[in-house]
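# Fold and contact review
So the chains spell out like this:
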Amino acid sequence: MKPRPVSNPPNPWDTTAVEYLEEIPPTKLEVLEDHSREVLGRNDSPDVGFTWSVNPYRGCLHACAYCYARPYHEYLGFGAGTDFETKLVVKPHAAQLLRDAFERKSWKGETVAFSGVTDCYQPLEASLRLTRACLEVCAEYRNPVGIITKGPLIERDLDVLQTLAQQARLTVAITLPFHDETVAHAMEPFVASPRRRLLTIERLASAGISVCVAVAPLIPGLNDEDMVRVLTAAKEAGATRAFSTLLRLPGPVQGVFEQRLREKLPLRAERVLHRIRETRGGELNDSRFRVRMRGEGIYADTLHQLFSSTARRLGLKTSEPMEADGDKESPFRRPMKSGTQLSFF
């Protein structure tokens, strides 16, 4: 990653702020350890289709300008801008903590999402393998899993994914909001190209994994024109399901998104911001439950109708992010006996 000047919106949880009077220093990658005693996070939002999630990482090297998870970094005492992209927090004991959670009598074998906050297959996973270790625990306990990622690194774990698909239940969603590679690089600079993510969909589907394409976020005036091409290409690659959500810009994400938009796509910036306001009652964000993921107004309704009609025409099932094909029941199964060999295909 090429060093960039430190740039963070003011953190409302900090009592002090840093103002550089001379040259702003470059960013520096830092990896910090989180030794929390729990790894399962509980979600109670009515807008999200899962209750439990595991986040092996906090912060994300992908550096997507629109990432709704940026504000969570402020709770750690960091910034939501370049800090989110370079001060990364990892949970080295995530797999053991997950095993401990599954051993509790209160655990009912509900679907576990990877991840609710940042990408579980971001570049650090290549060496740390925290996500893979957690998935192996899920496979051992035959616990249902849902994965949302932009990272082709998921292909490395096809063996575990196939076991989960055959012996528990698995849904994988590949996030692909853009078809235009120039625009994609501007807004999500350190993510694999759209073409490469389509190849990931193809490889997962060829391995017998049911794949969902996540056209998310839909950014009015920017990638809405890509929607049909993304859905068509994903279907041709082997996706069977699709979902979308409208762009959310909570708190400091507004500033990060607008700054990146004006810097990288200056000729389109005003049009995009105007279109976003059309879907948010004149504002750039609306945090109300049941509205924040969809927006309101004629333009938002048109986008959702176009998505639904295109998916229907292509034969793509529309679903919630963590909804799997088939029976929604997920009876919990105890782990295999000690010494049993797991079958990874």
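Our subject in this report is the structure included herewith. (Residues numbered from 1 in each chain as written. Predicted model: local features only at pLDDT ≥ 70, side-chain atom pairs only at ≥ 80, totals over all residues. Heavy atoms only, no water.)

### Digging into the packing of helix 3 (residues 94-103) against helix 5 (residues 130-141)
With their axes 8 Å apart at the nearest point, helix 3 and helix 5 run at an angle of 25 degrees to one another. With respect to their mutual orientation, helix 3 and helix 5 come out roughly parallel. Crossing of helix 3 against helix 5: the hand is right-handed. On the side of helix 3, the interface is formed by A94, A95, L98, R99, F102 and E103, while helix 5 contributes A133, C134, V137, C138, E140 and Y141. (Axes fitted to C-alpha atoms, helices over the stretch in contact; angles between N-to-C directions. Helix = DSSP H or I, 4+ residues; strand = E, 2+ residues; numbered from the N terminus. Parallel < 35°, antiparallel > 145°, perpendicular 65-115°, else oblique. Left-handed = near helix turned anticlockwise from the far one by under 90°. Contact = heavy atoms within 4.5 Å.)

### Observations regarding the sheet that holds strand 11 (residues 317-318)
If you trace the 8 strands from one edge of the open sheet to the other, you get 2-3-6-7-8-9-10-11, paired in mixed fashion. At either margin of the open sheet sits one strand with a lone partner, and together these are strand 2 (40-42) and strand 11. In this sheet, strand 9 (residues 211-218) lies alongside strand 8 (residues 170-175) in parallel orientation, the contact comprising 4 bridges. When the bridges of strand 9 are listed, I174 appears paired with V213. Most of the contacts of helix 9 (residues 227-237) go to strand 9, to which it runs at about 170 degrees, and overall it touches strand 9 and strand 10 (241-246). (Pairing = 2+ DSSP bridges.)

### Re a nonpolar patch on the surface
The grouping of W13, Y68, Y72 and Y75 at the surface amounts to a nonpolar patch, some 470 Å² of accessible area in total. When you line up the elements, Y75 lands in the loop between helix 1 (70-74) and helix 2 (82-86). (Patch = residues over 30% accessible without salt bridge, like charges linked within 9 Å, V, L, I, M, F, W, Y side chains within 5 Å. Areas by Shrake-Rupley, 256 points an atom, 1.4 Å probe, with all protein chains shown as cover. Salt bridge = Lys/Arg side-chain N within 4 Å of Asp/Glu carboxyl O.)

### Re the side chain of D119
The residue D119 is located in the loop between strand 6 (112-114) and helix 4 (125-128) in this model. The buried charged residue D119 lacks any salt bridge partner; its closest oppositely charged side chain belongs to K150, at an N-O distance of 5.3 Å. In this structure the side chain of D119 is engaged in a polar contact, spanning 2.8 Å, whose partner is the backbone nitrogen of Y121. Excluding anything up to four places from it in sequence, D119 contacts Y57, C60, H62, I148, T149, K150 and G151. (Buried < 20%, exposed > 50% of the residue type's maximum accessible area, 1.4 Å probe, protein only. Lys, Arg positive; Asp, Glu negative; His and termini not counted. Polar contact = N/O pair within 3.5 Å; in protein donor to acceptor, adjacent residues only side chain to side chain.)

### A look at unusual backbone geometry
Following F114, the chain continues to S115 via a peptide bond in cis, the omega torsion being -5 degrees. The residue S115 is located in the loop between strand 6 and helix 4 in this model. Positive phi values are uncommon outside glycine, yet R129 reaches one of about 60 degrees. With respect to the helices, strands and loops of the structure, R129 is situated in the loop between helix 4 and helix 5. Take R129: its relative accessible area is 39%, and that puts it in the partly exposed class. Here the phi dihedral of R142 falls at roughly 50 degrees; this positive angle occurs in a residue that is not glycine. Following the sequence through the fold, R142 ends up in the loop between helix 5 and strand 7 (145-149).

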